[in-house]
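Inside the fold
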Amino acid sequence: MPVRDVTFGVSYSRDLFLKAEQQPPASFTLNVNRSPLSLNASSTVDLYARELKTFSYSATLSNTTGNSSLPLSPTGTAGRVKAAPRPQWPSTLALSAQGGYDQTTGPRPFTVSATVNGDVRTNNFTVSVTHNVSTPVINEARVNYSLSRTSDTVLNPLTFSGTERLLPPSGQIIGDASLTWRGRYRLSTAHSLYLTRPAGATSNGTLSISAGTVQGSATNWNVTYGGPYDLVRGGFTQPTLSGSLGATRPGQSLALGATLNTPGLDQPRTELSRASLDASWQFGSRAALSGRGTYARTRSGTFPDDRATDTLTLDPLRLSVGLGRSGQPPGAYLSGSLRQTFTWVDGVRQNPAPLSPVLGLTIDRCCWALQAEADLGLRRYRVAVGLPGQSFYPLFDLTGDGLNVPLINP
């Protein structure tokens, strides 16, 4: 430690089995934490070739850094000395810069940023610019902001935050913004647009707006409208309206989702394009019902002569019941499940087939268990037994091709 709040480090190792040109480089570090400056720098140097391998630095000017400890007297106690005056620096402003160098790729992008802080830490506004020293062009210009009142969440319940990025090399602007009320409900928007529409594209990117609850709560919902947006024609090309609902209770869960195609510049119809359901319900300790299903609609061809293909998938729909005396753990379990896909083309069922459920029976005892399964669709019947220290061993497998008994014909 050369002076107060400044540290300097050197690290070097040598392998006795390697030649001089194969030795790892030496490392140098410098750290300064003295108001208003905070600096971290590091470098690696090839001592044999006398070449700089890498170099990186990050510096910040702000009066929120520094070490306020007092120097010690010769007796080891804090001396009564007059504190040195702190450098005059605006309390709401912080300037930072970072960059570096790499021997293989050359100078690293140089980033400079300015942050304005409010009376509380949640209020801040940051502007940063990243410059590609090698090209040289500006890679990115970014704005981050967050505004909220934390003194009283009832009287001042709003929080506003967002990010905006401009990428000059690609002419793209990416950003999002959200308004949160009492940490529970949120209104947000997001966009990713090219200022100049790419050749052959029908839109400049995507734009959306959504409203709902903050994710993570036991009951949450969300509604989103948006999709590809064309800046030239001034409208959405293929917009969608989607919504989701989720609820969780002890022994119960429900998740619903749906997407609706709405009219746009390149989309004339209003129709349901996707829906999903995932639910489970436990009735005490003896019965449980669960299911997951999805519906999707796709179109092929050119409007108005295009064809609709609807697909409904159940994967799976399951019901299980525990059998046994009241007040005792179930000694047997009866279950039924259905995994099947249904397809329609212009309303006509394709490859119609009857329902193909799978029925199962499990008998559970202290030192053994028996499982029986009947697949009515495949016409397959199986029985297996489980013993301590091993997995279930099949006793017989009956299919349309014949009977298989592992004990007789393994």
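The present account deals with the structure reproduced in this document. Here the structure is a predicted model, which means the values were calculated and not measured.

Inspection of the secondary structure puts Thr 130 in strand β8 (residues 124-132). A distance of 3.1 Å separates the side chain of Thr 130 from the side chain of Thr 111, its partner in a polar contact. If sequence neighbours within four positions are ignored, Thr 130 has contacts with Pro 109, Phe 110, Thr 111, Val 137, Ile 138, Asn 139 and Glu 140.

Our focus in this paragraph is the pairing of strand β20 (residues 307-323). Two elements, strand β19 (residues 287-300) and β20, share 13 bridges in a ladder whose sense is antiparallel. Each residue of the ladder has a partner; that of Gly 293, found in β20, is Leu 314. Taking the residues that link successive antiparallel strands as the turn, the β19-β20 hairpin has six residues, and the phi of Gly 301 there is positive, at about 105°. One ladder, built from 13 bridges, connects β20 with strand β21 (residues 332-345); its direction is antiparallel. Looking at β21, one finds that Leu 317 is bridged to Leu 338.

For Asp 397, the location among the structural elements is in strand β26 (residues 393-399). A relative accessible area of 16% means that Asp 397 is categorised as buried. Only 2.6 Å separates the side chain of Asp 397 from the side chain of Arg 380, close enough to count as a polar contact. Apart from residues no more than four positions distant in its own chain, Asp 397 is found in contact with Arg 380, Tyr 381, Arg 382, Gly 402, Leu 403 and Asn 404.

Turning next to the packing of aromatic side chains. Taken as a whole, this structure holds seven aromatic pairs when the rule is applied. Measuring from centroid to centroid gives 5.9 Å for Trp 181 and Tyr 185, while their planes differ by 25°, and the two rings are stacked. Looking at Trp 181, the relative accessible area reads 36%, which means it is partly exposed. Relative to Trp 344, the ring of Phe 342 lies with its centre 6.3 Å away and its plane at 25°, an arrangement referred to as stacked. Residue Phe 342 is classed as buried on the basis of its relative accessible area, which comes to 10%. On the basis of relative accessible area, Trp 344 is assigned to the partly exposed category, the value being 26%. Within the aromatic cluster, the residues linked to one another by ring pairs are Tyr 225, Tyr 229 and Phe 236. A cation over an aromatic ring shows up here: Arg 184 above the ring of Tyr 185, its NZ or CZ 5.6 Å from the ring centre.

The rules behind each value
Residues numbered from 1 in each chain as written. Predicted model: local features only at pLDDT ≥ 70, side-chain atom pairs only at ≥ 80, totals over all residues. Heavy atoms only, no water. Helix = DSSP H or I, 4+ residues; strand = E, 2+ residues; numbered from the N terminus. Polar contact = N/O pair within 3.5 Å; in protein donor to acceptor, adjacent residues only side chain to side chain. Contact = heavy atoms within 4.5 Å. Pairing = 2+ DSSP bridges. Buried < 20%, exposed > 50% of the residue type's maximum accessible area, 1.4 Å probe, protein only. Phe/Tyr/Trp six-rings, centres within 6.5 Å; stacked < 30°, edge-to-face > 60°. Lys NZ or Arg CZ within 6 Å of the ring centre and 35° of its normal.

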